[in-house]
Amino acid sequence: MFSVKTKIIFGGVEEEISNLNLKGNGLLCTGRHHNFEFADLNLYHLKISPEPSVENIYEYFDKIRDLNFDYVLAIGGGSVMDVAKILSVVTKDTKVENLIGSDKVKSRTKTIIAVPTTHGSGSEVTKYAVLKFQNLKQTVVSDFIVPDYALIDENLAMSQPKDLTLYTSIDAFCHNIEAYLSKISDPLTDLNCESGMKFFFDGIDEAMDNKISGRRKMLICSVLGGIAITNLRTNLIHALSHVVGAEKEISHGLANALFLRSYLKFYKDDEKFKNLGKILNVDIIKRTDEIYEKYNLTSFGDVQNKSEHNTKRLSDFVAQSEIKHIAEMTYENKRLLSVMKKKISKVEIERIIGDAM
Ligand SMILES: [Fe+2]
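Please read all numbers here as calculations on a predicted model, not as lab measurements.

**Q** What should I look at first to understand the sheet that holds strand β8 (residues 136–141) in this one?
**A** The pairing of strands in a sheet happens through backbone hydrogen bonds and is either parallel or antiparallel. The strand order β5-β8-β7 describes an open sheet built from three strands, whose pairing is mixed. Looking along the sheet, the strands with just one partner apiece sit at the ends: β5 (101–102) and β7 (128–133). Pairing between β5 and β8: two bridges, direction parallel. Pairing of S102 across the sheet is with V141, part of β8. The strands touched by helix α7 (residues 236–248) within the sheet are β7 and β8, with β8 carrying the most contacts at an inclination of about 125°.

This is the structure in structure tokens:
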């Protein structure tokens, strides 16, 4: 089944929010460095920190427990939107940790408007919110937290620094390729993902040059990736990054980026993957290698610029002795691994982690 539950609007954030004619009290969630003013709206402003935990949700809720809000307006990156989505369903009786897992949220009465300022998570259209809990990145999965509206304004993404631009864009690419290489994919999701990946390859250099055309392409890639994983789900890359990201305090986008090339190599002989290269008219592994080399992001030992200052690789964060443990923790994530098009063993996961070191 392929569906899009969110109304997706492209345009300037101020004008489009005004067009929504929002009534009543609103909760405005933004990142720590953002300030937005909307003259006609009655908003309480809550600043959100990155990589939220269950404890953080209780702290945020304490600040708004007496605020009777009708809608939540989230303007920010994935963490801001994820927190806003959770706060839209939390009441004073909610045990936040009990929301983790599939379909644990039972209702929602507040409208959610999500406005991404980064192009990665696709949270503006997904049924997911990621929270740190018990030293793992865990996911709230529910149709009740899918935003009602996503407003896409590329001007908001113009100020992202280069490293964030790269990591979040690769996160969006990962959503598209993981959904594409899922055994539960379907023709419409395939088309969706092929378009998402095309926008990535066409726009990544422009986005890294901070051109507005590139920001727009990456936002489209991110929205398409979000639609893909909400219809299907991610798989190996995210299963790995949820373990490593929680244990090593690596940002979500970078953690995915560290595993992407090993994942592509794992699928290099798969017919659907080979055909994807023809559809996109690009040698996917070669082009990805070029992007990593150009922007000093490497994850294979055979790349020459390993010692360059900005180069990031998994071994910067993980010791060889930890590979087995990470593979075991990843292997436990049956929700994600069970949908891999190509079945994977624990030993193969260890090899993929080893490749990324
Ligand atoms: Fe992601």
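Next comes the rest of the write-up.
**Q** Please explain the packing of helix α2 (residues 54–64) against helix α3 (residues 78–87) as it appears in this structure.
**A** The relative placement of two packed helices is expressed as an angle between their axes plus a distance between the axes. It is at 11 Å that the axes of α2 and α3 come closest, and there the two elements cross at 60°. In terms of axis orientation, α2 runs oblique to α3. Like other packed secondary-structure pairs, α2 and α3 cross with a definite hand, here right-handed. From α2, I57, Y60, F61 and I64 reach across to α3, where they touch V83, I86 and L87. The residue makeup of the contact of α2 with α3, split by class, is seven nonpolar, no polar and no charged.

**Q** Please clarify how the environment of L336 should be interpreted in this entry.
**A** As for its position among the elements, L336 is in helix α12 (residues 334–337). Residue L336 is classed as buried on the basis of its C-beta count, with 20 C-beta atoms lying within 10 Å. As for L336 and S182, which are separated by 154 residues in sequence, their C-alpha atoms are 9.6 Å apart. Setting aside residues no more than four positions away along its own chain, L336 makes contact with R233, T234, N235, H238 and A239.

**Q** Where do I start with the domain arrangement of the protein in this structure?
**A** Note on interface size: it is often stated as the accessible area lost on association of the parts. In terms of domains, the protein is made up of domain 1 (7–155) and domain 2 (161–356). Between domain 1 and domain 2, the C-alpha centre-to-centre distance is 25 Å. Contributing elements (two or more residues each) for the side of domain 1 that touches domain 2: β8 and β9 (149–152). The residue inventory of the side of domain 1 that touches domain 2, partitioned by class, reads seven nonpolar, nine polar and five charged.

**Q** Would you take a moment to explain the nonpolar core for this structure?
**A** Proteins that are soluble and globular tend to have nonpolar side chains buried together. Formed by 100 residues in total, the largest nonpolar core has its most connected members in C29, V72, A74, V83, A84 and V140. Viewed by domain, this core spans two of them, domain 1 (7–155) and domain 2 (161–356), each represented by three or more residues. In this structure C29 touches L46, I48, V72, A74, G76, V80, V83 and A84, once residues within four positions along its chain are discounted.

**Q** What is the right way to read the sheet that holds strand β3 (residues 42–48) from this model?
**A** Within the open sheet, the six strands sit side by side as β1-β9-β6-β4-β2-β3. Their pairing is parallel. At either end of the open sheet lies a strand with only one pairing partner, and these are β1 (7–10) and β3. Direction aside, neighbouring strands of the sheet carry axes that sit 20° apart on average. One ladder, built from seven bridges, connects strand β2 (residues 25–31) with β3; its direction is parallel. Note that in β3 the partner of G31 across the bridge is I48.

Basis of the calculations
- Residues numbered from 1 in each chain as written.
- Predicted model: local features only at pLDDT ≥ 70, side-chain atom pairs only at ≥ 80, totals over all residues.
- Pairing = 2+ DSSP bridges.
- Helix = DSSP H or I, 4+ residues; strand = E, 2+ residues; numbered from the N terminus.
- Contact = placed C-beta atoms within 7 Å.
- Axes fitted to C-alpha atoms, helices over the stretch in contact; angles between N-to-C directions.
- Parallel < 35°, antiparallel > 145°, perpendicular 65-115°, else oblique.
- Left-handed = near helix turned anticlockwise from the far one by under 90°.
- Nonpolar A, V, L, I, M, F, W, Y, C, P; charged D, E, K, R; others polar.
- Buried ≥ 20, exposed ≤ 12 C-beta atoms within 10 Å, placed from the backbone.
- Domains from an automatic or database assignment.
- Core = buried A, V, L, I, M, F, W, Y, C linked by C-beta atoms within 7 Å.

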